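Descriptive structure summary
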Amino acid sequence: MITTEEPVNTGSSSKINLLGLPKRKLEQFFAELGEKPFRAAQVLKWIHQRGVVDFAEMSDLSKALREKLAQVAEIRIPEVEIEQKSRDGTMKWVLRLDSGNSVEMVYIPEAERINLDDVGDGYVDPRRAKYTDGLSRATLCVSSQVGCALACTFCSTGRQGFNRNMSAAEIVAQLFMAEHRLVEKSLPSDRKISNVVFMGMGEPLLNFEAVVDAAEIMMEDNAYGLSKRRVTVSTSGVVPAMARLQERVDVSLAVSLHAPTDSLRDVLVPLNQKYPLKELMAACDTYAPNAPAAFITYEYVMLADVNDSDQHADDLIRLLRGRAAKVNLIPFNPFPESGYTRSSNVRIDRFMRRLEAAGITTVPRRTRGDDIDAACGQLVGEVEDRARRGERLERMNLRPTA
Ligand code: SAH
Ligand code: SF4
């Protein structure tokens with residue numbers, strides 16, 4: 001039987017879930033079955049391009065191999081527990097994993113508009129040539145962990161605490177399900193999803209191997225073939241893992257900054273107490289030159305009267321000036337007992353203009369799926385008690401912040 005660095009299957013079944021094996025691991029799997037490596041490309045195409053989960057349908061494999069595969073392997077996807085559709089087309093699903101845990105994913109269709117990402121350096125995605133009207137891109141926001149240990153104070157997932165890592169199969173299953181089962185009509189091309197962001201539940205860089213495997217499958221030509229500019233890993237700043245990520249897989253990086261100074265970031269993103277801004281920015285500077293579009297996206301959640309003043313904008317300008325940076329201003333998505341409110345649109349606009357005037361590309365994100373609480377982690381709910389949060393911070397060697 002195949003041995004991988006991580007258990008690929010988390011359910012009670014002893015069969016290996018092929019959904020989570022990137023090409024190199026699938027080749028190893030077939031080698032161990034005494035089969036030729038090209039079987040990997042064939043099976044990747046059946047699963048990820050055609051959405052087939054029954055080995056019996058894989059007609060270019062011999063009958064004997066199909067039977068063998070049915071004995072030792074499976075292609076298993078989670079069940080949909082809840083499906084919600086917003087007035088603006090955003091969709092959200094709660095998926096039930098084998099272990100009984102729930103995670104969320106969100107589908108965000110976007111109408112045609114000039115996308116500075118795609119024209120900024122003369123790069124035009126060939127697939128865009130086909131887009132005449134309707135949607136220009138459709139982004140899937142995927143989860144990488146059940147819960148999160150990092151306890152950012154404005155984050156619903158962070159309030160729930162950490163439960164477990166997701167397997168690569170569970171991470172890829174989200175794209176598989178959106179592409180082949182859940183999204184009906186989407187892009188003018190024959191694809192449903194054009195972009196994937198690891199901005200759902202969990203901290204991707206604390207589930208490193210599974211996230212690397214999943215990203216590889218998303219970008220693999222025989223699977224989803226997404227370009228490196230269209231797969232974005234978002235991190236709250238797990239500094240040592242940032243360089244390691246770049247060594248392993250060529251993906252775009254978003255860094256959740258949310259505050260321009262250590263004193264404020266220590267509170268909003270407690271991980272900052274372990275990896276302060278100086279170390280984080282140094283890691284970003286190492287990543288940026290070789291990043292897919294040679295810049296890093298900095299996420300900044302707009303919290304009324306917390307991080308949204310002119311002074312904060314000026315501090316942020318000082319921090320980012322001269323860096324290969326793009327800033328996304330995210331309107332805070334409120335949830336019960338968060339203790340925060342969203343900055344007004346006037347405030348967000350003023351903050352954006354200040355950054356733009358200093359030459360920093362700034363994109364205010366529209367709120368999407370407001371009516372369905374589409375910020376990941378909010379539907380799974382179950383706000384955990386403060387005691388558990390305190391324990392978690394202790395385990396991380398951090399002081400509780402509030
Ligand atoms: N753990 C990773 C990725 C998942 S969170 C990270 O923190 O980057 C994805 C993004 O959603 C992050 O930028 C996070 O700060 C943001 N976010 C979390 N809670 C939010 C909320 N209530 N409203 C708006 N954005 C939120
Ligand atoms: Fe975890 Fe990201 Fe939420 Fe922070 S913002 S608690 S790192 S999921």
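The structure contained in this document is the topic of the report that follows. (Residues numbered from 1 in each chain as written. Chains lettered and ligands numbered in written order. Predicted model: local features only at pLDDT ≥ 70, side-chain atom pairs only at ≥ 80, totals over all residues. Heavy atoms only, no water.)

1. What about the nonpolar core?
- If you look at the biggest cluster of nonpolar residues, it comprises 115 residues, and the most contacted ones within it are Leu18, Phe29, Leu245, Tyr298 and Leu320.
- Two domains each put at least three residues into this core: domain 1 (16-74) and domain 2 (79-395).
- Contact partners of Leu18, with chain neighbours within four places excluded, come to Leu26, Phe29, Val43, Ile47, Phe55, Ala73, Glu74 and Ile75. (Core = buried A, V, L, I, M, F, W, Y, C linked by side-chain atoms within 4.5 Å. Buried < 20%, exposed > 50% of the residue type's maximum accessible area, 1.4 Å probe, protein only. Domains from an automatic or database assignment. Contact = heavy atoms within 4.5 Å.)

2. Points about the site of ligand 2
- Residues in contact with ligand 2, as listed here, are Cys148, Leu150, Ala151, Cys152, Cys155, Gly158, Gly202, Glu203 and Ser236.
- Residues of the shell around ligand 2, tallied by class, amount to five nonpolar, three polar and one charged. (Near = heavy atom within 4 Å. Nonpolar A, V, L, I, M, F, W, Y, C, P; charged D, E, K, R; others polar.)

3. Concerning the packing of helix H7 (residues 208-219) against helix H8 (residues 239-248)
- Taken N-terminus to C-terminus, the directions of H7 and H8 make an angle of 35 degrees; their axes are 11 Å apart at the nearest point. Of the two elements, H7 crosses H8, and the hand of that crossing is right-handed. Each of Phe208, Glu209 and Val212 in H7 lies in contact with H8, whose residues at this interface are Ala241, Arg244, Leu245 and Arg248.
- Class assignment of the residues belonging to the contact of H7 with H8 gives a composition of four nonpolar, no polar and three charged. (Axes fitted to C-alpha atoms, helices over the stretch in contact; angles between N-to-C directions. Helix = DSSP H or I, 4+ residues; strand = E, 2+ residues; numbered from the N terminus. Left-handed = near helix turned anticlockwise from the far one by under 90°.)

4. Some thoughts on the side chain of Arg164
- One can find Arg164 in strand S8 (residues 162-165).
- Judged by its relative accessible area of 16%, Arg164 is buried.
- A distance of 2.7 Å separates a polar atom in the side chain of Arg164 from a polar atom in the side chain of Ser99.
- Polar contacts involving the side chain of Arg164 include one to the side chain of Asn101, which spans 3.3 Å. (Polar contact = N/O pair within 3.5 Å; in protein donor to acceptor, adjacent residues only side chain to side chain.)

5. Things to note about the site of ligand 1
- Residues in close proximity to ligand 1 total 20 residues, the closest being Gly202, Ser234, Ser256, His258 and Asn333.
- Within the side chain of Ser256, an N or O atom sits 2.5 Å from an oxygen atom of ligand 1.
- The protein chains hide 91% of the 520 Å² of surface that ligand 1 would expose on its own.
- Of all elements in the fold, only strand S10 (231-235), strand S12 (296-302) and strand S13 (325-331) reach the threshold of two or more residues within the shell around ligand 1.
- Residue composition of the shell around ligand 1, grouped by class: nine nonpolar, nine polar and two charged. (Areas by Shrake-Rupley, 256 points an atom, 1.4 Å probe, with all protein chains shown as cover.)

Shape is all these values report; function is a separate question.
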